[in-house]
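In case you want the letters, here they are:
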Amino acid sequence: MAHPAEDVLIDGVLFDLDDTLIDTAAAMHLAGAAAAAVLWPDADPQRLAIAGVRFRSDPGGFFGAYTRGELTFAAMRAARIADLGAWLGAADGQVARAAFDAAYEPAFVAALQTFKDAPACLTALQDNGIRIGLLTNSGADYTAAKLRHTSLAGVTDVVCTRDTLGFGKPDARAFHEACRQLGTDPARTLHIGDELHADPLGAVGAGLRAAWLVRDGALDESVRAEVTRRGIAVIDTLEVVRPGRLGMRLS
Ligand SMILES: [Mg+2]
């Protein structure tokens, strides 16, 4: 495995979307609390206040099951809403999906923000002839809605989603198909994402270059040492993703 400080030519950069280019966590926290307050107004106020945090944390692991192809996107979503309802003490969480979506979705897209360091990063790469793409485990329709409500619609050369690829990260086939669509060799493609298992570990496993975005910088030193040993660059901002930075020579 080459060290990240070693210069390599990079022809394309694949970005994860959620919590990499857009602050999905913050929007989910706000929208989840707003929707729970509408659907389950009699629940414990202390739980209602953190209902969005609970919703995003997905303690049942349903998003992982969807990523592995074990659940449809709709079934994954329904299961997470049912879990939230049960946690709030409701007996009818299973049947509340349509009502939840009606309250959640407008609040979610209204709250969705692009990270301030994302637009300049994408522009700098494009200005230097670098192909850029999105590779997300979310669904195509939902991803399109997220892009419509941020400044990112139409910005990247390709958009690859779990359902249209047929594979989700960290499956190597997801990375390889994204590279094929981007028109770049995996060995000359950099992937940037925030989830260690799905993003950088999946990317290096598929033969791509990888950067792990840890925005709060809070990282156990033993974890940092291990991922660095695997050739993964650890970054806390997209401001360092520039031609000539990251020890990588962007061609
Ligand atoms: Mg992410």
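The structure under discussion appears in the preceding block.
Residues numbered from 1 in each chain as written. Predicted model: local features only at pLDDT ≥ 70, side-chain atom pairs only at ≥ 80, totals over all residues. Heavy atoms only, no water.

When you go through the protein residue by residue, the secondary structure sums to twelve helices and eight strands. Taken over C-alpha atoms, the radius of gyration comes to 19 Å for the protein, in line with the 18 Å a tight globule of 251 residues would show. Overall, the C-alpha framework of the protein stretches about 60 × 40 × 35 Å when taken along its three principal axes. Expressed as a percentage of the 251 residues in the protein, the buried residues total 51%. Taking all contacts inside the protein whose residues are at least 6 apart in sequence as the whole, residues at least 24 apart take part in 68%. Approximately 11000 Å² of the protein is accessible, and the part contributed by carbon and sulfur atoms is 54%. (Helix = DSSP H or I, 4+ residues; strand = E, 2+ residues; numbered from the N terminus. Rg over C-alpha atoms; globule rule 2.2 N^0.38 Å. Buried < 20%, exposed > 50% of the residue type's maximum accessible area, 1.4 Å probe, protein only. Contact = heavy atoms within 4.5 Å. Areas by Shrake-Rupley, 256 points an atom, 1.4 Å probe, with all protein chains shown as cover.)

This part is about helix 6 (residues 97–111). Helix length check: helix 6, at 15 residues, gives a terminal C-alpha distance of 20 Å against a target of 21 Å (1.5 Å per residue), a fit within 8%. Its maximal kink placed at Tyr104, helix 6 deviates by approximately 30°, while the proline Pro106 follows within four residues. Within helix 6, the full set of buried residues consists of Phe100, Asp101, Ala103, Tyr104, Glu105, Phe108, Val109 and Ala111. The elements touched by buried residues of helix 6 are helix 1 (24–39), helix 3 (51–57), helix 5 (73–87) and helix 8 (140–148). (Expected span 1.5 Å × (residues − 1). Bend = angle between axes of the 7 residues up to and from the residue.)

Turning to the nonpolar core, a few remarks are in order. Core analysis: the largest hydrophobic core is formed by 49 residues, its most contacted members being Phe15, Trp40 and Ile192. Two domains each put at least three residues into this core: domain 1 (9–23 + 113–250) and domain 2 (24–111). Contacts of Phe15, omitting those with residues within four sequence positions, involve Thr20, Leu21, Cys121, Leu122, Leu125, Ile132, Gly133, Leu134, Leu135, His191, Ile192 and Leu238. Judged by nonpolar contacts, the second largest core, of 20 residues, contains Val158, Ala174, Val204 and Leu219. (Core = buried A, V, L, I, M, F, W, Y, C linked by side-chain atoms within 4.5 Å. Domains from an automatic or database assignment.)

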